[in-house]
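# Fold and contact review
Listed here are the chains, written in short residue letters.
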Amino acid sequence: MFTRISIHTVFVLDQEEALDFYVGKLGFQISTDADLGFMRWLTVALPEDPERHLLLEVPGPPSQSDETAAQVRDLLTKGALGAFILNTDDCRGTYKRLRDLGVEFTEEPTEQPYGIDCALRDPFGNHIRITQPGG
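What counts, and at which threshold
Residues numbered from 1 in each chain as written. Predicted model: local features only at pLDDT ≥ 70, side-chain atom pairs only at ≥ 80, totals over all residues. Heavy atoms only, no water. Pairing = 2+ DSSP bridges. Helix = DSSP H or I, 4+ residues; strand = E, 2+ residues; numbered from the N terminus. Axes fitted to C-alpha atoms, helices over the stretch in contact; angles between N-to-C directions. Contact = heavy atoms within 4.5 Å. Polar contact = N/O pair within 3.5 Å; in protein donor to acceptor, adjacent residues only side chain to side chain. Phe/Tyr/Trp six-rings, centres within 6.5 Å; stacked < 30°, edge-to-face > 60°. Buried < 20%, exposed > 50% of the residue type's maximum accessible area, 1.4 Å probe, protein only.

### Concerning the sheet that holds strand β7 (residues 115-121)
- The sheet built from four strands is open, its strands ordered β5-β8-β7-β6 with mixed pairing. Both outer strands of the open sheet, β5 (83-87) and β6 (105-112), are each paired with one neighbouring strand and no more. Across the sheet, the mean angle separating the axes of adjacent strands is 20° when strand polarity is ignored.
- As paired elements, β5 and strand β8 (residues 127-133) share five bridges and run parallel to each other. If you follow Asn-87 over to β8, its bridge partner there is Thr-131.
- Along the sheet face, helix α3 (residues 91-100) touches β6, β7 and β8 and points at about 165° away from the line of β6.

This is the structure we're talking about:
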C-alpha cells in the first residue's frame, strides 16, 4: 500500500518570511521553488531527511476559494491548524541556538517521560515541538 509521506502542507502567510524562518533559522533547505503561474510551489526539507518535504503554501486558489482561504488565515494566526514535531539529538542545545537567532519559544526544554522537548510557534502561528527522544 503506502510507503511514506513525501509532502506535508504547512500554511504560511508570506513565503519569503517562511523561508527566512524555516531555512534561515531552523536549518531546512529549499527543495523546490517553482512559479507555476497560478501559485508558487515552495518546498523545504531537512538535510538529514531530504525525501520528506514541507510545502510552504499560502492559503488561496487553486486549492481553496477566497472565502475558505480567509477562514484558514484566521485559524492559522490563532494557532489552530495543528502541529508537527522535529527530532533532535540535543534539545537544550537546539533551544539555545534558536533562541540566540531570535526564535520565540512557548515552552522551554522540559524532561518528559519520552525524552526532552520544548515548543515554539513559527511567525504565522503554527505549533512546532522539538523533541530529543529518550533512550
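There's more to say after this.
### A few points about the environment of Ser-31
- Inspection of the secondary structure assignment puts Ser-31 in strand β2 (residues 29-35).
- Sequence separation of Ser-31 and Ser-6 is 25 residues, and the distance between their C-alpha atoms is 12 Å.
- Beyond its immediate stretch of four places on either side in the chain, Ser-31 contacts Thr-43, Val-44, Ala-45 and His-53.
- At 2.8 Å, the side chain of Ser-31 forms a polar contact with the side chain of Thr-43.
- A distance of 2.9 Å separates polar atoms of two side chains, one belonging to Ser-31 and the other to His-53.

### Brief notes about the packing of aromatic side chains
- Counted under the stated rule, the structure contains four aromatic pairs.
- Ring centres 5.8 Å apart and planes at 75° place the aromatic pair Tyr-22 and Phe-28 in the edge-to-face group.
- Given the relative accessible area of 6%, Phe-28 is considered buried.
- In this structure an aromatic cluster arises from ring pairing among Phe-21, Tyr-22, Phe-28 and Phe-84.

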